[in-house]
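# Coordinate analysis (summary)
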Amino acid sequence: MVGKIIHVCILSVLAVPRVSASFPAGIINKSTNVTKKLINKCGIDKSRTPDVGDGEVYIEEYPWFGVLVYPLKGELTSSPVILITKQLVLGAAIEIANLPKIDFRARSKVILGHNCTGPRIKVRDYTYHPDFLKSTFSSLVLIQLDVGVLRQDLRPICPPPDRIHKPHFYAVSLPEDCMSSKINVYKMTYVDNKECKTFYRRSGLDIQSVWPKYTVCAKALGGGECLWQSGVFLVVKQDGRWMLVGFGVHGPGCESPARFLDYGMYHQWVRTNIERIGTPAITRVAPNEIIMRRRMSNVQRFGPCDPEEKIVEIYTDHTAIMPEVPKPRTAIYNFTILARYEYSCIVFRGDQDGKVQPTIHLKRLCLATRPSCYQFSTLQIDFEVHMKYFGKVEYHVNVYGEPLRVLDTKRMNVFSNLNEIRPNISATYTIYKY
């Protein structure tokens, strides 16, 4: 048995109330008091008129619409995103997946409520919906913004409504040139799913890998025929607030039936990611390889490590086991995570001679009372890596991340005081003396 100690910290996160919905009928929002407090600040535009019509408007009137920009081959590429919470935006998974990941977090920026000349927000992390690449290319990516010292007032769009009464649906298309502030608004009408499928089958565009798992179709009342890129947003305005209903898929648009991901069916996924910020994320890449991630304030990520996550290696170990007689055996590797590092990626891998590879399993080692063994909010968590093998085997552990940075309280107070917005006082007053 081989034992090593790895240090990390677990942070408990306040749960967010459940919200779910579907379109066009029966949109359900199981609101709670916490949800209502969040909704009170969402979906209020900056337009001077309450009326909404077809045509061009300015993105500055709708602060939740924006783009993610990334410099690629001397040009600035852009992808539409929409702000759904104070630090999370949604984008098209396929567009973000096609960008280089060697420096994606460092070089990509998000601009909200402005064209590309507006204030830029850093990207902290990202995570794909589980459907992406498994069953469809048309899926979502959740991008977490670095808003720690941001002074920009972020105003997200609201989640789907409780009920729809006299709905007016609109599709909002952002320009391909992100230097333009003009966005297009289309009045939309619902298209039955059967009619939508028939249209795409007759057009030769009924490709299964492009259809979202949860789809809603709608078409514009005007505009003729056109092609929409990924990231056309289906929204509804109700009680003076804008609410997100669907996220567009690349394909026919305008007066042709357009496909949208039904956001009501994906909203629970967003909520779950919020609830699990700071908890370990474990991915089985292969029977002989497991990947664990754990960062205190990041959304959970799954899948193989990307190059940016492996920039700094903080720990590595290689163990070889060479038994004299080949037979089924089990090796146990112990490790503990404590509060010392931010772990972007921990790779556990076993390699064995021959066609049959060893199998690796993670087991939570808990000596406390039973309830505490099912949660990850304690400062210390113990695991066992069980590796089943037959003959000569090699076991590798590679840990990537960075030391946990602690804020200097005095310097933080100085920074806050220097950047605090103070009221404009135009007159002084004499204190009354008794």
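Anyway, here's the lowdown on the structure attached to this text. (Residues numbered from 1 in each chain as written. Predicted model: local features only at pLDDT ≥ 70, side-chain atom pairs only at ≥ 80, totals over all residues. Heavy atoms only, no water.)

### Topic: the overall build of the chain
- If you tally the helices and strands in the chain, you get six helices and 24 strands.
- Of all 434 residues assigned to the chain, the portion counted as buried reaches 46%.
- Intrachain contacts of the chain at a sequence separation of at least 6 include 73% that bridge at least 24 residues. (Helix = DSSP H or I, 4+ residues; strand = E, 2+ residues; numbered from the N terminus. Buried < 20%, exposed > 50% of the residue type's maximum accessible area, 1.4 Å probe, protein only. Contact = heavy atoms within 4.5 Å.)

### Notes on the environment of E56
- Turning to its location among the elements, E56 is positioned in strand β2 (residues 55-58).
- A sequence separation of 129 residues divides E56 from V185, and the C-alpha atoms of the two residues are 6.3 Å apart.
- Not counting residues up to four positions away in its chain, the partners in contact with E56 are K182, I183 and N184.

### Considerations on the state of the cysteines
- This model, assessed by the stated rule, comprises five disulfides.
- One disulfide bridge connects C226 with C254, the sulfur atoms lying 1.9 Å from each other. Looking down the S-S bond of the C226 and C254 bridge, the torsion is 105 degrees, so its handedness is right-handed. You can see C226 sitting in strand β12 (residues 225-228) and its partner C254 sitting in strand β15 (residues 251-254), a full 28 residues away along the chain.
- Here C305 engages in a disulfide with C345; their sulfurs sit 1.7 Å apart. Disulfide C305 to C345: torsion about the S-S bond roughly -60 degrees, handedness left-handed. Separated by 40 residues along the polypeptide, C305 in the loop between β18 (289-294) and β19 (313-321) and C345 in strand β21 (residues 341-352) bring together distant segments of the chain. For the pair shown, C305 and C345 are each scored as buried. (Disulfide = S-S within 2.5 Å.)

### Details of the sheet that holds strand β24 (residues 393-403)
- Reading across the sheet, the five strands line up as β17-β18-β21-β24-β19 and stay open at both edges, with antiparallel pairing between neighbours. Every other strand in the sheet has two partners, leaving β17 (281-286) and β19 as the edge strands with one partner each. Neighbour-to-neighbour, the strand axes of the sheet open up by a mean angle of 10 degrees, direction not taken into account. (Pairing = 2+ DSSP bridges. Axes fitted to C-alpha atoms, helices over the stretch in contact; angles between N-to-C directions.)

### With respect to the packing of aromatic side chains
- Applying the stated criterion across every chain, the model contains 19 aromatic pairs.
- An aromatic cluster is built from Y62, W64, F65, Y170, F233, W242 and F247, whose rings are joined through pairwise contacts.
- The ring of W211 has K197 sitting right over it, with the charged end atom 4.1 Å from the ring centre. (Phe/Tyr/Trp six-rings, centres within 6.5 Å; stacked < 30°, edge-to-face > 60°. Lys NZ or Arg CZ within 6 Å of the ring centre and 35° of its normal.)

### Quick notes on the nonpolar core
- Within the largest apolar cluster, 57 residues are counted, with the highest numbers of intra-cluster contacts made by F65, I84, L90 and I143.
- Counting residues in hydrophobic clusters, the runner-up holds 19 residues, among them A331, Y343, I360 and Y395. (Core = buried A, V, L, I, M, F, W, Y, C linked by side-chain atoms within 4.5 Å.)

### Topic: the sheet that holds strand β6 (residues 109-112)
- Spatially, the six strands close up into a barrel ordered β3-β4-β5-β8-β7-β6, and their pairing is antiparallel. Each strand axis lies, on average, 45 degrees off the axis of its neighbour in the sheet, ignoring direction.
- Here β6 pairs with strand β7 (residues 121-128) via two bridges, running antiparallel. Note on β7: the bridge partner recorded for V110 is I121.
- Strand contacts of helix α5 (residues 267-275): β4 (75-85), β5 (88-92), β7 and β8 (140-145), with the helix running at about 35 degrees to β8, the strand carrying the most contacts.

### Quick look at empty space enclosed by the protein
- Applying the stated criterion across every chain yields a total of two cavities of 30 Å³ or more.
- Counted as a void, the second largest cavity has a volume near 70 Å³.
- In terms of lining residues, the second largest cavity is bounded by I59, G66, V67, H114, N115, C116, L174, P175, C178, S180, S181 and I183.
- Of the residues that constitute the lining of the second largest cavity, the class distribution is seven nonpolar, five polar and no charged. (1 Å grid on protein atoms, 1.4 Å probe; cavity = no way out; pocket = protein on both sides within 12 Å on 5 of 7 lines; lining within 4 Å. Points joined across faces, edges and corners; volume = space filled by probe spheres on them. Nonpolar A, V, L, I, M, F, W, Y, C, P; charged D, E, K, R; others polar.)

### Section: the pattern of salt bridges
- Within this structure, the stated rule accounts for 16 salt bridges.
- We note a salt bridge from R105 to D306, for which the minimum N-O separation is 3.0 Å. Residue R105 is found in helix α3 (residues 104-107), and its partner D306 is found in the loop between β18 and β19; the two are separated by 201 residues along the sequence.
- Given the relative accessible area of 11%, R105 is considered buried.
- On the basis of relative accessible area, D306 is assigned to the buried category, the value being 6%.
- The salt bridge partner of R349 is E289, with a shortest N-O separation of 2.7 Å. In this pair, R349 is assigned in strand β21 and E289 in strand β18, connecting sequence segments 60 residues apart.
- For R349, a relative accessible area of 29% translates into the label partly exposed.
- Each of R105, D125, R293, R301, D306, E308 and E309 takes part in one network of salt bridges that share partners. (Salt bridge = Lys/Arg side-chain N within 4 Å of Asp/Glu carboxyl O.)

### Re the pairing of strand β9 (residues 169-173)
- Most of β9 sits inside the fold, with five of its five residues counted as buried.
- Going residue by residue along β9, you find F169, A171 and S173 tucked away on one face and Y170 and V172 tucked away on the opposite face as well.
- Relative to strand β10 (residues 182-191), β9 runs antiparallel, the two being bridged by five bridges. The residue bridging V172 from the neighbouring strand is V185, located in β10.
- As paired strands, β9 and strand β13 (residues 233-238) are joined by four bridges and run antiparallel to one another. Across the sheet, F169 pairs through a bridge with V236, a residue of β13.

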